[in-house]
Amino acid sequence: MDRTLEPGGVARRQLLRRALGASALVVILGRVARAAEAEIVIDNFTFAPTPLTVKVGTTVTWVNHDDIPHSIVCPDLKVKSHPLDTDDVFTCKFEQAGTFEYICGLHPHMHGQVVVGA
Ligand SMILES: [Cu+2]
């Protein structure tokens, strides 16, 4: 009986190992996918990069690296974020092609642009 059970035990361990390997792969792919999404850094009252060029369907993330609050206001998309404190993020998915201007709601002289291509 032990001999008939043992191969099953080995198979189960292999399956487990494969499952763990697969989940590790998913984590790695998740990181790659996240890195492939677009990020705009706010630093020293500046959005960078601008313009940011992305493809339709991309989620853009703004992150505030300043030590004062900033916000994202994009009239074309009717998007208005809450003020972002230091290291806060705001995300917006761009579903249509076009050129989208945005400003900081707290400092309207801060301009940025997202260019969305097909
Ligand atoms: Cu600002």
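Quick notes on the rules
- Residues numbered from 1 in each chain as written.
- Predicted model: local features only at pLDDT ≥ 70, side-chain atom pairs only at ≥ 80, totals over all residues.
- Heavy atoms only, no water.
- Phe/Tyr/Trp six-rings, centres within 6.5 Å; stacked < 30°, edge-to-face > 60°.
- Helix = DSSP H or I, 4+ residues; strand = E, 2+ residues; numbered from the N terminus.
- Buried < 20%, exposed > 50% of the residue type's maximum accessible area, 1.4 Å probe, protein only.
- Donors = N, O, S within 2.8 Å, 3.2 Å for Na, K, Ca; no water.
- Pairing = 2+ DSSP bridges.
- Axes fitted to C-alpha atoms, helices over the stretch in contact; angles between N-to-C directions.

*Asks:* How would you sum up the packing of aromatic side chains? Please name residues and give values.
*Replies:* All chains considered together, the criterion is met by five aromatic pairs. Ring centres 4.7 Å apart and planes at 75° place the aromatic pair Phe47 and Tyr102 in the edge-to-face group. Taken together, the positions of Phe47 in strand β2 (residues 46-48) and Tyr102 in strand β8 (residues 98-103) put the pair 55 residues apart, joining distant regions of the chain. Summarising the burial analysis for this pair, Phe47 and Tyr102 share the class buried. With centroids separated by 6.5 Å and ring planes inclined at 45°, the aromatic side chains of Trp62 and Phe94 adopt a geometry described as tilted. Of the two residues, Trp62 sits in strand β4 (residues 58-64) while Phe94 sits in strand β7 (residues 89-94), which places them 32 residues apart along the sequence. Within the aromatic cluster, the residues linked to one another by ring pairs are Phe47, Trp62, Phe90, Phe94, Phe100 and Tyr102.

*Asks:* Break down the coordination of the copper ion for me, with residues and values.
*Replies:* Distances from the copper ion to its protein donors, namely His70 (ND1), Cys104 (SG) and His107 (ND1), fall within the range 1.9 to 2.1 Å. Written as a sequence motif, the donor arrangement for the copper ion is H-x33-C-x2-H. Linking His70 in the loop between β4 and β5 (73-74) with Cys104 in the loop between β8 and β9 (111-117), this pair joins segments that are 34 residues apart in sequence. The pair His70 / Cys104 is uniform in exposure class, with both members buried.

*Asks:* Please provide a residue-by-residue account of the sheet that holds strand β1 (residues 38-43), values included.
*Replies:* Adjacent strands of a sheet form backbone hydrogen bonds with each other and so pair up, either parallel or antiparallel. With mixed pairing, the four strands of this open sheet are ordered in space as β2-β1-β4-β7. In this open sheet, the two strands that pair with only one neighbour each are β2 and β7. Between one strand and the next, the sheet's axes are offset by a mean angle of 20°, whatever the strand orientation. As defined by bridge partners, β1 adjoins β2 across three bridges and the pair is classed as antiparallel. Paired with Ile42 across the two strands is Phe47, which belongs to β2.

*Asks:* Outline unusual backbone geometry, listing residues and values.
*Replies:* That bond from Ala48 to Pro49 is cis: its omega, -5°, falls within 30 degrees of zero. If you trace the backbone, Pro49 turns up in the loop between β2 and β3 (52-55). The backbone phi angle of Lys78 is positive, close to 55°, even though this residue is not glycine. Among the structural elements, Lys78 can be located in the loop between β5 and β6 (79-80).

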